[in-house]
Amino acid sequence: MGANRWRQTVGRASETISESVFGAGSLSALIVLRTPGNVARADPAEVSEAPCCRAAIEKHSEGALKPQSVSTKQERIAMLARSNPAMAFTSLNHHLDLEWMKYAYECTRKDGAVGVDGQTAQDYAANLEQNLSRLIDALKSGSFRALPVRRHYIPKTGGGERPLGIPSFEDKVAQRAIAMLLEPIYEQDFLDCSYGFRPGRSAHQALRAVWRGSVERRGHWVLDVDVRKYFDSIPLPKLRELLAKRVTDGVVTRTIHKWLKAGVLQDGQLFYPDAGTPQGGVISPLLSNIFLHYVLDEWFASEVQPRLRGPSTLVRYADDFVMLFAYREDAQRVLAVLAKRLGKYGLQLHPDKTRLVDFRAVRPPGEEEGKLPTNFTFLGFVHVWGRTRTGRSMVVKQLTAKDRFARAVLKLSTQCRAMSHWPLAQQHLRLCQMLKGHFAYFGITGNLRRLERLCVRAVRCWRYWLARRSRLRVLSWAAFKQQVLARWPLPRPRIVHRYATA
């Protein structure tokens, strides 16, 4: 009783202080404002978030606790797909109930860009149950109308711009709900060589498969393949034909067809492309995986590999893939027929970016060198042969690609410039978040030197922009180390993924 009475007394005192400082009923004392310096979630070891602060952050992110009914329905769909590999599902739309749609809404990002109608997640949530019920009726009755996507361009790593299609928020929720119906089916069909945009799979698993294919399976001849404008080139009749192999439900196929034919709004003009699925849609990665599963994965596993002389490996992440072969003749034979295979389904190989790579660690004496490239880039890493620290053996090293390194440095410089007027503590927090995020992806065994180089560039950028904001326009390195780095040190580079060992 004494402890409870003490807690009640402390609680009343804290409420009195909060009301006197922030006003009655205010939670401002516990809420951290979403400024550019604290958008990302803080490290648990550094900050203990209050429950209301954690809820404010999580409401803008994807992911939610899956209801038991949704999980049970997906398990039943997966069981049917697994037990009947050739069966086409004729009835799936009866799973689209209010609880299913609520979970689809919870899994949809709330802070994404708005579509052509300008509706935000907050506007849609103002009358959520009525909006979701109306969406269910529209989908099942066929009166659902897909809005055009808003075209937006982002810079590409190798130069140029990548077109994105931004759907409306309601279309995002509907696409998430349909994707939840299709994923349990196609996860039973997809092969192990596919890693992109699949539950439980990541880019690092694909990188690990490449490493094992080159080291353990002697994949010393590599086809570095690039499909020209893949998402914009998918022929819609072929896509619908391949979808009909497993899904013939009228509600699902009709709704997908409406999204593919919705059109694109760019610079105030509406046009309707004859092919392609817009990048940026929730369902587009799944549709692209389905298309390449039939076009590439099954063809390589069932028709190509049995005819090869030695072992081979296919690793695909969305539309980026590499093929590793033990013999040069096998690689040349596949390269000769690959363009014909993709051309049959309306796709084209990029003539400048598709190449055969001689990925042998040691070449026989007297053999001419320089005719073929000796390294390749995949998922932001350049793969090269190098010696271990002791120099006794050769290993495959995965190093940060030059364009990715330059892009990371540019982001650091831009961020330091934008936050030069912030308090130093907030600047330090933001830089730590950016560096830790870089280490989480590029922290692979053998890549430590390039991580250290990025840390050096980060320190230089920070000091440069701090010197620009100072009154004297001069901040010596000694003063910067003593006054800034000693108090707010940046994180040291660390290796997160240690599978690439000798």
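Reading guide: rules and limits
Residues numbered from 1 in each chain as written. Predicted model: local features only at pLDDT ≥ 70, side-chain atom pairs only at ≥ 80, totals over all residues. Heavy atoms only, no water. 1 Å grid on protein atoms, 1.4 Å probe; cavity = no way out; pocket = protein on both sides within 12 Å on 5 of 7 lines; lining within 4 Å. Points joined across faces, edges and corners; volume = space filled by probe spheres on them. Helix = DSSP H or I, 4+ residues; strand = E, 2+ residues; numbered from the N terminus. Nonpolar A, V, L, I, M, F, W, Y, C, P; charged D, E, K, R; others polar. Expected span 1.5 Å × (residues − 1). Buried < 20%, exposed > 50% of the residue type's maximum accessible area, 1.4 Å probe, protein only. Arc of directions from axis to C-beta. Axes fitted to C-alpha atoms, helices over the stretch in contact; angles between N-to-C directions. Left-handed = near helix turned anticlockwise from the far one by under 90°. Contact = heavy atoms within 4.5 Å. Pairing = 2+ DSSP bridges. Phe/Tyr/Trp six-rings, centres within 6.5 Å; stacked < 30°, edge-to-face > 60°.

Draft legend 1. Highlighting empty space enclosed by the protein. Enumeration according to the criterion identifies one cavity of 30 Å³ or more in this entry. Put simply, the largest cavity is a space of about 90 Å³. Along its surface, the largest cavity is lined by 13 residues, and Val149, Gln175, Trp259, Pro278 and Ser284 are the ones closest to its centre. Of all elements in the fold, only α7 (169-186) and α11 (250-260) reach the threshold of two or more residues within the lining of the largest cavity. Here the lining of the largest cavity is built from residues that sort into eight nonpolar, four polar and one charged.

Draft legend 2. Structural view of helix α14 (residues 402-418). Helix length check: α14, at 17 residues, gives a terminal C-alpha distance of 24 Å against a target of 24 Å (1.5 Å per residue), a fit within 8%. Listed as buried for α14 are Phe405, Ala408, Val409, Leu412, Gln415 and Cys416. Axial view of α14: buried residues confined to an arc of 130°, hence all on one face. Residues Leu410 and Arg417 are exposed on α14 and point more than 90 degrees away from its buried face.

Draft legend 3. Quick look at the packing of helix α6 (residues 128-141) against α7. Two elements in contact, α6 and α7, have axes separated by 11 Å at closest approach and are oriented at 65°. Along this stretch, α6 crosses α7, giving a crossing that reads as right-handed. Here α6 contributes Asn131, Leu132, Arg134 and Leu135 to the contact with α7, which in turn contributes Glu170, Val173 and Ala174. Residue composition of the contact of α6 with α7, grouped by class: four nonpolar, one polar and two charged.

Draft legend 4. Focus on the side chain of Gln74. Relative to the elements of secondary structure, Gln74 occurs in helix α3 (residues 68-83). We classify Gln74 as buried; its relative accessible area is 11%. Discounting residues that sit within four places of it in the chain, Gln74 has contacts with Lys66, Trp100, Met180 and Pro184.

Draft legend 5. Region of interest: the sheet that holds strand β10 (residues 381-387). In spatial order, the strands read β9-β10-β11; together these three strands make up an open sheet with antiparallel pairing. Here the strands that pair on one side only, and so sit at the sheet edges, are β9 (376-378) and β11 (394-400). The sheet shows a mean angle of 40° between the axes of neighbouring strands, direction not considered. Pairing of β10 with β11, which is carried by seven bridges, proceeds in the antiparallel orientation. By the bridge assignment for β11, His383 is matched with Gln398. Here helix α8 (residues 203-215) sits on the sheet in contact with β9, β10 and β11, set at roughly 155° to β11.

Draft legend 6. The packing of aromatic side chains, seen in detail. Counting across every chain of the model gives 17 aromatic pairs. Consider the rings of Phe381 and Tyr441, whose centres lie 5.5 Å apart with planes at 40°: the pair is tilted. Taken together, the positions of Phe381 in strand β10 and Tyr441 in helix α15 (residues 424-442) put the pair 60 residues apart, joining distant regions of the chain. With a relative accessible area of 22%, Tyr441 lands in the partly exposed category.

Draft legend 7. The arrangement of the sheet that holds strand β7 (residues 320-325) in detail. Strand order in the open sheet formed by four strands is β6-β7-β3-β8, with antiparallel pairing between adjacent strands. The open sheet is flanked by β6 (312-317) and β8 (355-358), the only strands paired with a single partner. Strand-to-strand twist across the sheet, computed as the mean angle between neighbouring axes with direction ignored, equals 20°. Here strand β3 (residues 221-225) runs beside β7; their pairing, made up of five bridges, is antiparallel. Bridge assignment links Trp221 to a residue of β7, and that residue is Phe325.

Draft legend 8. Spatial organisation of the pairing of β6. Within β6, five of the six residues are buried, which leaves it mostly tucked inside the rest of the structure. With six bridges connecting them, β6 and β7 associate as antiparallel partners. Directly across from Tyr317, in β7, lies its bridge partner Asp320. Turn length for the β6-β7 hairpin, with the two strands adjacent in sequence and antiparallel, is two residues, and the turn residue Ala318 shows positive phi of about 60°.

Draft legend 9. Molecular detail of the environment of Pro148. With respect to the helices and strands, the residue Pro148 is situated in the loop between α6 and β1 (149-155). Overall, the relative accessible area of 17% leaves Pro148 in the buried class. For Pro148, the residues in contact, after removing those within four places along its chain, are Val116, Ala262, Gly263, Val264 and Leu270.

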